[in-house]
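# Secondary and tertiary structure notes
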Amino acid sequence: MARNIRDWQYEVHKTAKNKGWWDPQSPAEQQVAQDLAIITLLHRNLSADVEALRKGESPPSKKITYEQAEQTVRAMHPARVLMLSKLALIHSEVSEAAESIYDSEWVASYDLQYAEGSKKPEGLLSELADVVIRCLDLAAHLGIELSRGMSLKHRFNKSRTHRHGNKLA
Ligand SMILES: [Mg+2]
């Protein structure tokens, strides 16, 4: 069934809530959310390297340390920790997409794959879908519409200069 992005956002978030992913967190779950939030902050170090490489610059030498990230997260409101933890899960799906490219088991096709006897879709297409699903779910939780953000950002991208100012990637 064809759905527009707004409908997908509603459906995806409804399913996530039904599966318990937005239930009040136990102390153990709060601890995991904090650890995931720390990972998200540390991931910024690598993303800063990505942005520098795109601009043909040297990777920045100033990095956030684990201790700094931990301190920042501990001082943060739990709602913001939760958001950061959800971003860690989006990062994780991107890494799974990367695995589906370098893992020779799936090299024959980037379409959906199924391990023997399993109904779970895997492979690059599945992981890219996971990225979008997690983005839609987080947007719904925050009461913002991803489709609106996409429209505005796409319109802006069309107005940008060639390779956004001759970036290298
Ligand atoms: Mg996945």
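Below you will find a few notes about this structure.

Basis of the calculations
- Residues numbered from 1 in each chain as written.
- Predicted model: local features only at pLDDT ≥ 70, side-chain atom pairs only at ≥ 80, totals over all residues.
- Core = buried A, V, L, I, M, F, W, Y, C linked by C-beta atoms within 7 Å.
- Buried ≥ 20, exposed ≤ 12 C-beta atoms within 10 Å, placed from the backbone.
- Helix = DSSP H or I, 4+ residues; strand = E, 2+ residues; numbered from the N terminus.
- Contact = placed C-beta atoms within 7 Å.
- Expected span 1.5 Å × (residues − 1).
- Axes fitted to C-alpha atoms, helices over the stretch in contact; angles between N-to-C directions.
- Nonpolar A, V, L, I, M, F, W, Y, C, P; charged D, E, K, R; others polar.
- Parallel < 35°, antiparallel > 145°, perpendicular 65-115°, else oblique.

### Some words on the nonpolar core
Among the nonpolar cores identified, the biggest contains 10 residues, and these are Ala33, Leu36, Ala37, Ile38, Leu41, Ala69, Val73, Val81, Leu82 and Leu84. If one sorts the elements of this core by residue count, helix 2 (residues 27-54) sits on top with five residues. Beyond its immediate chain neighbours, meaning those up to four positions away, alanine 33 contacts Gln25, Val81, Leu82 and Ser85.

### Section: helix 5 (residues 124-142)
Between the first and last C-alpha of helix 5 there are 27 Å, a value that for 19 residues agrees with the 27 Å anticipated at 1.5 Å per step. Considered for burial, the residues of helix 5 that qualify are Leu124, Ser126, Glu127, Arg134, Leu136, Asp137, Leu138 and Ala140. If you follow the buried residues of helix 5, they end up packed against helix 1 (5-18), helix 4 (78-102) and helix 6 (146-159). Looking at the residues trailing helix 5, positive phi occurs at glycine 143, about 75 degrees.

### Description of the packing of helix 1 against helix 6
Relative orientation of the contacting elements helix 1 and helix 6 amounts to 145 degrees, with a least axis distance of 8 Å. For the pair formed by helix 1 and helix 6, the contact residues are Ile5, Arg6 and Gln9 on the first element and Leu146, Ser147 and Met150 on the second. Taken together, the residues of the contact of helix 1 with helix 6 break down into three nonpolar, two polar and one charged.

### Structural notes on helix 6
Working note: α-helix, 3.6 residues per turn, so residues spaced by three or four point in the same direction. The first and last C-alpha atoms of helix 6 sit 20 Å apart over 14 residues, in line with the 20 Å expected at 1.5 Å per residue. Within helix 6, only one of the 14 residues are buried, which leaves the element largely exposed.

### A word on the packing of helix 1 against helix 5
For the pair helix 1 and helix 5, interaxial distance at closest approach is 8 Å and the crossing angle is 85 degrees. On the basis of their axis angle, the class for helix 1 and helix 5 is roughly perpendicular. Here Trp8, Gln9, Tyr10, Val12, His13 and Ala16 of helix 1 lie close against helix 5, whose contacting residues are Ile133, Leu136, Asp137, Ala139, Ala140 and His141. Of the residues that constitute the contact of helix 1 with helix 5, the class distribution is eight nonpolar, three polar and one charged.

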